[in-house]
Amino acid sequence: MLLNKDGSNSKNLSTIIHDTEDFTLHNDQILPLDYWLKNKAEIKQKLNRIVIWVNSDEDLDSLKEDLPSISLIAFNFPKYGDGRAFSMAHLLRGKYEYKGHIRAIGSPIADQAQFLFRCGVDSIDIPNGQSLEIWTTESKRMSRFYQRSEQNDLIHSRY
Amino acid sequence: MYKDVFAPAAPSPVTQNVNMYKYDQFDDTFIKQRIEQFRSQVTRRLSGHITEDEFKPLRLQNGVYLQLHAYMLRVAIPYGQLNSTQMRTLAHISRKYDKGFGHFTTRQNIQYNWPTLSDIPNILDDLHKVEMHAIQTSGNCIRNTTSDPFAGVAADELVDPRPWCEIIRQWSTLHPEFAFLPRKFKIAVNGADHDRAAIAYHDIGIQIIKNDAGEIGFQLFVGGGQGRTPVIAKEIRAFLEPKYLLSYLDSILRTYNMIGRRDNMYKARIKITVNETGIKEFTRLVELEWNRIKDNGFDLPEAEKQRIFNHFTLPDFEKSEYDKVAYEQLKQDNNGFDYFVKHNVFGHKEDGYSIVSISLKPHGGIPGDISADQMDIVAQLSDDYSLSEIRATHKQNLVLPHVKTGELYQLWQKLTDANLAPANIGLLTDIIACPGLDYCNLANARSITIAQMISERFDDLKRLTDLGDLTLNISGCINACAHHHVANIGILGVDKKGVESYQVTLGGSSFKDASIGNIIGPGFSVEEIVDAIETITNTYIDQREKGENFLTCYRRVGQTPFKEALYNVA
């Protein structure tokens, strides 16, 4: 299940591809970054939407020139404590001026939902077995923010 | 636009004159929502919806540790400033939810060692009523910003660092990007010539300076720290215009968040990042990021800065005159008072006023511990003598910042009655100690017991005064919570095949002349350690030249005479 920035939720129709050894390329797959980098031409030709996922230790610079043609970038949380995805989302929006969709996948926790949205993430792939209700509540927990963030909500911020 | 929503809350009668940050509706709502979040997290844990493992990151972000015997709650005291109402609430909490005492920490916070988990949300409610919280007092996030306990009043101060600390507190509170850093992150700000905030040992140390043109700015240091690998912070920027503080901090934090190591928790602090990357390259990366984001709205608008600054206007001090001859006579007639003035009283900006340190290091006591009754007494004394204001220090003591010099004697008598007048500030028995094996599940050895033994052996003010300025810190494990590396005499408890052993370092300093102590030789047993300390102080007395304090003497003569005396090698 996906939790979206506006509080709505939707079904996740994409499959996250981890193993590219033995697989057939088709739409509705989220492809690993290194597979995309090695097979750009083929992917561009076969798919009408380019959707990739990036691990927290991978370099955003490698995506730079192709960003306009990528529809969705998913940041993986190998574990919830690895907070690089927050800065990566910020950088993708602010530094790389990415206009497409950003998703969080892997193992984030509900209490990170609002932080993720404030850093520029559009949707979160809720880990299996977790309560959508808790995720939804936590994603709207705070209505006041002390600092500027990538997705700044002036009405609820000091500045 | 904000006027309706963010109207200021009515000030409480006791505290309205204290020059400190006061919550408005915005802050009030913020804290309330954060408590509700924590309450729901606790409910999830108590009902078994989440495991202790899943609960851990949630409780840590709110200052709740699982210690050896029970949960421990660490309450934030931003940059160490408190008013009397807040102190009374801390006393109330210790009576109602704990065992009638609290423990002041080296981050100017207070800890309670015995609350039950189900009570903690209620404790947070009580704290909220007096504008306090426990947000980010633990976890891999930006911790309580610390500062000079004499901030705003010290005679040698250039600029009051408190408004800047408050700006950093607000910016770092639930910062969406920096709540899951590689490791904890500590910032300190100092605004005086003398460094009373130990900025060299912080992840970011900020020294407020004046440049040649007379403009105020920040000298920024990065990558200092204690723990297993003590490191002195390196300069990352010689002068930063104040208006860029937050964008510069954002840039340092973002760079660290991206490149800091996450493969090994012992190498995850920014000090390791800076050492492995090199300060030159690290600075280049930060400046690159900063040049991208500065002037892009990430800094504080002038009006918001002014709003925060307005809270810290010093009070209009009543004129304070006193009979100087009678005051000198009192000191002459009363040895105890004379020692108290000598060691615990410091110069105030305002004529006729003094800053008074209350030592929480009594004879045989636990450093930093204070009973609920003593907290109430300190609150009352601050109402009667110090414009209702109190400070907590990183040396685990308290401060009454605005005392009329003519009332010092009276105050001293009342402090003495409450066992709050040890005249040992800055002396050997002003020991910093961590909880050690008595409370902490990381510890290898007891710290408190050693502190008590030392304070008993050296319980003589004449002798302590003769030994002069001397810092002695005791950590119960290599994590160095009591900063033993930076003490003139540092004691580190280790576990040697199941037996407590104490390793001694000499020559550390946390002041402007920061240095890391050197290990003097093999460790000592519990039975030997106090004798060893006495051998060290005796060696200092033998070796010192006129006017030399311990550190200066040690730096001149080196390790050899101390080694010879300690290990009987000639």
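Residues numbered from 1 in each chain as written. Chains lettered and ligands numbered in written order. Predicted model: local features only at pLDDT ≥ 70, side-chain atom pairs only at ≥ 80, totals over all residues.

## What about the domain arrangement of chain B?
By a frequent convention, interface size equals the accessible area lost on bringing the separate parts together. Residue and element names in this part refer to chain B. For clarity, the cut-off: Where each domain begins and ends follows an automated or database-derived domain assignment. A pair of residues counts as a contact when their C-beta atoms, built from backbone coordinates, are separated by no more than 7 Å. All residues other than Ala, Val, Leu, Ile, Met, Phe, Trp, Tyr, Cys, Pro, Asp, Glu, Lys and Arg, Gly among them, are scored as polar; the first ten of these are nonpolar and the last four charged.
By domain assignment, chain B separates into domain 1 (25-129), domain 2 (161-310), domain 3 (324-417) and domain 4 (432-567). Here domain 3 and domain 4 have C-alpha centroids that lie 27 Å from each other. At the interface, 8 residues of domain 3 touch 10 residues of domain 4. Here the side of domain 3 that touches domain 4 is built from residues that sort into 3 nonpolar, 3 polar and 2 charged.

## Thoughts on the interface of chain B and chain A
What counts is decided by this rule: Helical segments are the DSSP runs of H or I of at least four residues, strand segments are the runs of E of at least two, and each set is numbered from the N terminus.
Counting residues at the interface gives 28 residues for chain B and 23 residues for chain A. Contributing elements (two or more residues each) for the side of chain B that touches chain A: helix H1 (25-46), helix H2 (52-60), helix H5 (162-172) and helix H6 (245-259) of chain B. Examining the composition of the side of chain B that touches chain A, we find that 5 residues originate from one element, H1(B), more than from any other. A per-class count over the side of chain B that touches chain A returns 14 nonpolar, 9 polar and 5 charged.

## A look at the environment of Val345(B)
Residue and element names in this part refer to chain B. You can see Val-345 is positioned in strand S11 (residues 345-347). Separated by 77 residues in sequence, Val-345 and Ala-268 place their C-alpha atoms 40 Å apart. Those residues in contact with Val-345, other than ones at most four positions away along the chain, are Phe-340, Ser-354, Val-356 and Leu-408.

## A few points about helix H5 (residues 132-139) of chain A
Residues and elements named next belong to chain A. The line we're drawing: In this scheme the burial state of a residue depends on its C-beta neighbours within 10 Å: 20 or more other such atoms mean buried, 12 or fewer mean exposed, and anything in between means partly exposed; the C-beta positions come from the backbone. An arc is given here, and it is the one of the directions from the helix axis to the C-beta atoms.
Every buried residue belonging to H5 is among Trp-135, Glu-138 and Ser-139, and all of these are buried. An end-on view of H5 places all buried positions within 100° of arc, on one side of the element. Looking at the buried side of H5, the elements it contacts are strand S1 (2-4) and helix H4 (113-118).

## Quick notes on the sheet that holds strand S10 (residues 234-240) of chain B
Residues and elements named next belong to chain B. Which entries qualify depends on this criterion: Between any two strands, at least two bridges found by DSSP are needed for them to pair. Axis definition: a line fit to C-alpha positions, over the contact stretch in the case of helices; interaxial angles, taken between N-to-C directions, run 0 to 180 degrees.
With respect to topology, 5 strands assemble into an open sheet ordered S6-S7-S8-S9-S10, the strand pairing being mixed. Strands with a single pairing partner mark the edges of an open sheet, and in this sheet they are strand S6 (146-147) and S10. Across 2 bridges, S6 lies against strand S7 (residues 187-190) in parallel orientation. When the sheet's bridge partners are listed, Ser-147 is paired in S7 with Val-189. Packed onto the sheet, H6 meets strand S8 (204-210), strand S9 (216-222) and S10 and runs at close to 10° relative to S9.

## Quick look at the nonpolar core
For the record, the criterion: Working definition: the nonpolar core is a set of buried Ala, Val, Leu, Ile, Met, Phe, Trp, Tyr and Cys residues, joined through C-beta atoms within 7 Å.
If you look at the biggest cluster of nonpolar residues, it comprises 195 residues, and the most contacted ones within it are Ala89(A), Leu116(A), Val222(B), Ile358(B) and Val378(B). The element best represented in this core is H6(B), accounting for 7 residues. For Ile358(B), the residues in contact, after removing those within four places along its chain, are Val378(B), Asn397(B), Leu398(B), Val399(B), Leu400(B), Leu415(B) and Leu420(B).

## Some thoughts on the sheet that holds strand S14 (residues 389-392) of chain B
Residues and elements named next belong to chain B. On the basis of which strands lie adjacent, the open sheet formed by 5 strands has the order S3-S14-S15-S12-S11 and antiparallel pairing. Both edges of this open sheet fall to strand S3 (81-83) and S11, since each of them pairs with a single strand only. Shown here is a sheet whose adjacent strand axes are inclined to one another by a mean of 35°, direction ignored. Bridge analysis of S3 against S14 gives 3 bridges, and the strand direction is antiparallel. The partner of Gln-81 across the bridge, within S14, is Arg-391. Most of the contacts of helix H3 (residues 84-97) go to S3, to which it runs at about 85°, and overall it touches S3 and S14.

## Concerning the packing of H6(B) against helix H8 (residues 279-293) of chain B
All names here are of chain B. Keep this limit in mind: We call two directions roughly parallel when the angle between them is under 35 degrees, roughly antiparallel when it is over 145, roughly perpendicular when it lies between 65 and 115, and oblique otherwise. The hand of a helix crossing depends on one turn: near helix anticlockwise from the far one by less than a right angle means left-handed, and clockwise means right-handed.
With their axes 8 Å apart at the nearest point, H6 and H8 run at an angle of 130° to one another. By the angle between their directions, the pair H6 and H8 is classed as oblique. Note on packing geometry: the crossing formed by H6 with H8 is right-handed. Seen from H6, the contacting residues are Ser-247, Tyr-248, Asp-250, Ser-251, Ile-252, Arg-254 and Thr-255; seen from H8, they are Leu-285, Val-286, Glu-289, Trp-290 and Ile-293. Per-class residue counts for the contact of H6 with H8 are 6 nonpolar, 3 polar and 3 charged.

## So, the packing of helix H14 (residues 448-457) of chain B against helix H16 (residues 526-543) of chain B
Residue and element names in this part refer to chain B. At their nearest, the axes of H14 and H16 sit 10 Å apart, and the two run at 50° to each other. Compared by their axis directions, H14 and H16 come out oblique. Seen along the crossing, H14 lies across H16 with a hand that is right-handed. Taken together, the residues of H16 that come into contact with H14 (itself represented by Ile-450, Met-453, Ile-454 and Arg-457) are Ile-529, Val-530, Ile-533 and Glu-534.

## Topic: the pairing of strand S17 (residues 472-475) of chain B
All names here are of chain B. Alternating positions in S17 separate into two faces, Leu-472 and Ile-474 on one and Asn-473 and Ser-475 on the other, with burial throughout. For strand S16 (residues 432-433) and S17, the ladder comprises 2 bridges, and the chain directions are parallel. For Ala-433, the partnering residue across the bridge sits in S17 and is Ile-474. The pairing of S17 with strand S18 (residues 489-496) spans 4 bridges and is parallel. Following the sheet pairing, Ser-475 is matched in S18 by Leu-492.

## Concerning the pairing of S14(B)
All names here are of chain B. Residues of S14 alternate between two faces, with Glu-389 and Arg-391 on one and Ile-390 and Ala-392 on the opposite face, all of them buried. In this structure, S14 lies alongside strand S15 (residues 398-404), joined through 2 bridges in antiparallel fashion. Along S15, the bridge assignment pairs Arg-391 with Val-399. In textbook terms, the turn of a hairpin is the stretch between consecutive antiparallel strands, and for S14 and S15 this stretch comprises 5 residues, one of which, Gln-396, has a positive phi near 65°.

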